[in-house]
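Breakdown of the fold
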Amino acid sequence: MLPLALLAGAGSASAEQRLKVMASAYNSVADQTNDQPNITAWGDKLKPGMKVVAVSRDLIKKGLTHNTMIEIVGLPGRYRVLDKMHRRWDKKIDIYMGTDVDAALEWGVRPVEIRWVEDDS
């Protein structure tokens, strides 16, 4: 995996950001969301297997906007910000786990460190 700083591309001014947040997990099932559990707050369609996170709205102000790619330290791969959480949450992400409710429950809530590249241009 390339370091995040290289993902921004040559010639652009960017800085790697790191932040410790609480991470829970969620599923695309009606009892956890609404009558359209596969549609995110930004209107994207979710499918099991996608590496997606929802972010608390305070993190959007820190640069974790729609389609931002992040790494969750300790988990493989990169995750795309495609959803946003209810306003009541702060400094929190929600990791999408498809329809596997047992996996989400097993994950629980735990502290993690996330990293992303913020483009300053």
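This text follows the structure it describes.
Here the structure is a predicted model, which is why all the values come from computation and not from measurement. (Residues numbered from 1 in each chain as written. Predicted model: local features only at pLDDT ≥ 70, side-chain atom pairs only at ≥ 80, totals over all residues. Heavy atoms only, no water.)

A word on the packing of aromatic side chains
Working definition: an aromatic ring pair is given by the centre-to-centre distance plus the angle between the planes. Rule in force here: Each pair of aromatic rings taken from Phe, Tyr and Trp, with Trp reduced to its six-membered ring, is defined by centres within 6.5 Å and is described as stacked if the planes are under 30 degrees apart, edge-to-face if over 60, and tilted in the remaining cases. A run of DSSP states H or I qualifies as a helix once it reaches four residues; a run of E qualifies as a strand once it reaches two. Both are numbered from the N-terminal end. Each residue's exposure class comes from its accessible area (1.4 Å probe, protein chains only) as a fraction of the maximum for that residue type: buried when under 20%, exposed when over 50%, partly exposed otherwise. Consider the ring centre and the ring normal. A charge sits over the ring if Lys NZ or Arg CZ is within 6 Å of that centre and within 35 degrees of that normal.
Inspection of the entire model under this criterion finds one aromatic pair. When the centroid spacing of 5.6 Å and the interplanar angle of 55° are considered together, the rings of Tyr-26 and Tyr-96 count as tilted. Here Tyr-26 is found in strand β1 (residues 14-26), whereas its partner Tyr-96 is found in strand β5 (residues 92-96), with 70 residues between them in sequence. Just as Tyr-26 is buried, Tyr-96 falls in that class too. Lying over the aromatic face of Trp-89, Lys-92 brings its terminal NZ or CZ to 3.7 Å of the ring centre.

Examining the environment of Lys-45
Secondary-structure assignment places Lys-45 in the loop between β1 and β2 (52-55). By relative accessible area, which is 55% here, Lys-45 ends up exposed. Each C-alpha atom of the pair Lys-45 and Asp-83 lies 10.0 Å from the other, and the pair is 38 residues apart in sequence.

As for unusual backbone geometry
Despite not being glycine, Asn-67 shows a phi value in the positive range, around 75°. Note on placement: Asn-67 falls in the loop between α2 (57-61) and β3 (69-72). The exposure class of Asn-67 is partly exposed, given its relative accessible area of 36%. Even without glycine at this site, Lys-91 takes up a positive phi of about 50°.

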